[in-house]
Amino acid sequence: MGGAAFRNLDLTDAQKAQMKQIRESHSQSLRPLMEQIRAKRQEIRQASEGGTFNEALVAQKLGEIAPLEAKLMGERSKLHQETLAVLTAEQKAKLEQAREQRRTKWAERGVNKRNSK
């Protein structure tokens, strides 16, 4: 949950400090997972270089990535929930309203793209 999502929520200094602490504490668990996933994806790219393709190696690496990505999603979900817990009911409502506006805008862009073809 990036800072941009919270920019218009009028967070107090205490809330900002809490969120920073939450992000920093979770970065210790998120960063190693992201690095492991990145390394395994690099191994997949290397397995496909030079015109050769080692299907068994790629399948193995994908099998190794899946549980890491599941764990990463779990950690991100915890981060999200802890961050939301810092917000007041009014701020949560404002955040949800902004999300809906973004969804509508993206949906409209999708319709406009299809119509322009």
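Below you will find a few notes about this structure.

The rules behind the values
- Residues numbered from 1 in each chain as written.
- Predicted model: local features only at pLDDT ≥ 70, side-chain atom pairs only at ≥ 80, totals over all residues.
- Heavy atoms only, no water.
- Helix = DSSP H or I, 4+ residues; strand = E, 2+ residues; numbered from the N terminus.
- Buried < 20%, exposed > 50% of the residue type's maximum accessible area, 1.4 Å probe, protein only.
- Contact = heavy atoms within 4.5 Å.
- Areas by Shrake-Rupley, 256 points an atom, 1.4 Å probe, with all protein chains shown as cover.
- Phe/Tyr/Trp six-rings, centres within 6.5 Å; stacked < 30°, edge-to-face > 60°.
- Lys NZ or Arg CZ within 6 Å of the ring centre and 35° of its normal.
- Core = buried A, V, L, I, M, F, W, Y, C linked by side-chain atoms within 4.5 Å.

### Looking at the overall build of the protein
When helices and strands are tallied, the protein shows four helices and zero strands. Start at the N end of the protein and walk to the C end: the helices and strands fall as α-α-α-α. Along the three orthogonal principal directions, the C-alpha set of the protein runs to about 55 × 45 × 20 Å. Each of the 117 residues in the protein was classed as buried or not, and the buried ones make up 22%. Within the protein, residue pairs in contact and separated by at least 24 positions form 74% of the contacts whose partners lie at least 6 positions apart. Carbon and sulfur atoms make up 52% of the accessible area of the protein, which totals about 8600 Å².

### Description of the packing of aromatic side chains
Considering all chains together, one arrives at zero aromatic pairs under this definition. Directly above the aromatic system of W106 lies the positively charged group of R109, at a separation of 4.7 Å from the ring centroid.

### So, unusual backbone geometry
Residues apart from glycine generally show negative phi values, whereas peptide bonds are mostly found in trans. Even without glycine at this site, D10 takes up a positive phi of about 55°. For D10, the position within the fold is in the loop between α1 (3–6) and α2 (13–47). Residue D10 is classed as exposed on the basis of its relative accessible area, which comes to 61%.

### Here's the deal with the nonpolar core
Formed by 19 residues in total, the largest nonpolar core has its most connected members in F6, L9, L11, M19, L87 and L95. Every element with two or more residues in this core is listed here: α2 and α3 (55–86). Once residues within four sequence positions are removed from consideration, M19 is found in contact with F6, L11, T83, V86 and L87.

### A word on the side chain of K61
Relative to the helices and strands, K61 resides in helix α3. The exposure class assigned to K61 is buried, which follows from its relative accessible area of 10%. Once residues within four sequence positions are removed from consideration, K61 is found in contact with K40, E43 and I44.

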